[in-house]
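Fold and contact review
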Amino acid sequence: MPGIDETLTFVPLSMAVLTVSDTRSLDEDTSGATLADRIAKAGHSLEDRAIVPDDIDAIRTKVKGWIENPAIDVIITTGGTGFTGRDVTPEAIEPLFEKRMDGFSAIFHRISYEKIGTSTIQSRATAGVANATFIFVLPGSPGACKDAWDGILATQLDYRYRPCNFVEIMPRLDEHLKRGKLKA
């Protein structure tokens, strides 16, 4: 049975939250605040939080900086996953992925479907790994952020979750980079 094994020690992670919006300020950012609150309540640390406009270069620059920061284990973005002309977050971030996490989108949409029905197809939520950093790209609504955190991330980012979780594989995420360095 899946669940938290209370005999194991919790391992806190360092996270960064990026809100992609042309209209919100940090004070008005309810989605970013929702994620920051859940991160803290879970026992993780919020290393950084920012807002950037719906611009591929701005989004990519911020996320690349966090990917290159060894102090950040997880990046969560919110906003810009729809189909309008300004929604460019997947286009900005997916080229950075070394590995895609297709299952994240599938599970996110299943959870979302239970709450908003077929409207879930209007999101291009995605996830992947780059430079041993997990990256999750979420829609901009607080409800979507709650669904992703409560339904997927809270357990997968908890070392105690069984039968398996993201935290236990973190030390091996950059194996391909290490092997490449050894061969050179």
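In case you missed it, the structure is sitting above this.
Note that this is a predicted model, so its numbers are computed, not measured. (Residues numbered from 1 in each chain as written. Predicted model: local features only at pLDDT ≥ 70, side-chain atom pairs only at ≥ 80, totals over all residues. Heavy atoms only, no water.)

In this section: the overall build of the chain. For the chain, the count of helices and strands is seven helices and eight strands. In terms of C-alpha radius of gyration, the chain reaches 16 Å, essentially the compact-globule figure of 16 Å for 184 residues. Principal-axis analysis of the C-alpha atoms gives the chain an extent of 45 × 45 × 30 Å. Of all 184 residues assigned to the chain, the portion counted as buried reaches 45%. A sequence separation of at least 24 residues applies to 75% of the contacts in the chain between residues at least 6 apart. Within the structure as shown, the chain displays about 9200 Å² of accessible surface, and the carbon and sulfur contribution to it stands at 54%. (Helix = DSSP H or I, 4+ residues; strand = E, 2+ residues; numbered from the N terminus. Rg over C-alpha atoms; globule rule 2.2 N^0.38 Å. Buried < 20%, exposed > 50% of the residue type's maximum accessible area, 1.4 Å probe, protein only. Contact = heavy atoms within 4.5 Å. Areas by Shrake-Rupley, 256 points an atom, 1.4 Å probe, with all protein chains shown as cover.)

Summarising the element assignment, Asp54 is placed in the loop between strand E3 (45–52) and helix H2 (56–68). Here Asp54 occupies a buried position and makes no salt bridge, while the nearest side chain of opposite charge, Arg86, is found at 5.0 Å. Not counting chain neighbours up to four residues away, the residues in contact with Asp54 comprise Val20, Ser21, Asp22, Ile59, Gly80, Arg86 and Val88. (Lys, Arg positive; Asp, Glu negative; His and termini not counted. Salt bridge = Lys/Arg side-chain N within 4 Å of Asp/Glu carboxyl O.)

For the rest of this paragraph, the subject is the packing of aromatic side chains. Per the stated rule, a full pass over the model turns up five aromatic pairs. Note on Phe134 and Phe136: the rings are 6.3 Å apart at their centroids and 20° apart in plane angle, and the pair reads as stacked. For the pair Phe134 and Phe136, a shared accessibility class is recorded, and that class is buried. What links up through ring pairs into an aromatic cluster is the set Phe104, Phe108, Phe134, Phe136 and Phe166. Note that Arg124 overlies the ring of Phe83, its terminal NZ or CZ placed 5.8 Å from the centroid. The ring centre of Tyr159 lies 5.4 Å from the NZ or CZ of Arg162, which sits over that ring. (Phe/Tyr/Trp six-rings, centres within 6.5 Å; stacked < 30°, edge-to-face > 60°. Lys NZ or Arg CZ within 6 Å of the ring centre and 35° of its normal.)

On to the environment of Phe136. Positionally, Phe136 belongs in strand E7 (residues 133–138). Take Phe136: its relative accessible area is 0%, and that puts it in the buried class. Separated by 91 residues in sequence, Phe136 and Ser45 place their C-alpha atoms 16 Å apart.

It is worth stressing that arrangement in space is one thing and function is another; only the former is reported here.
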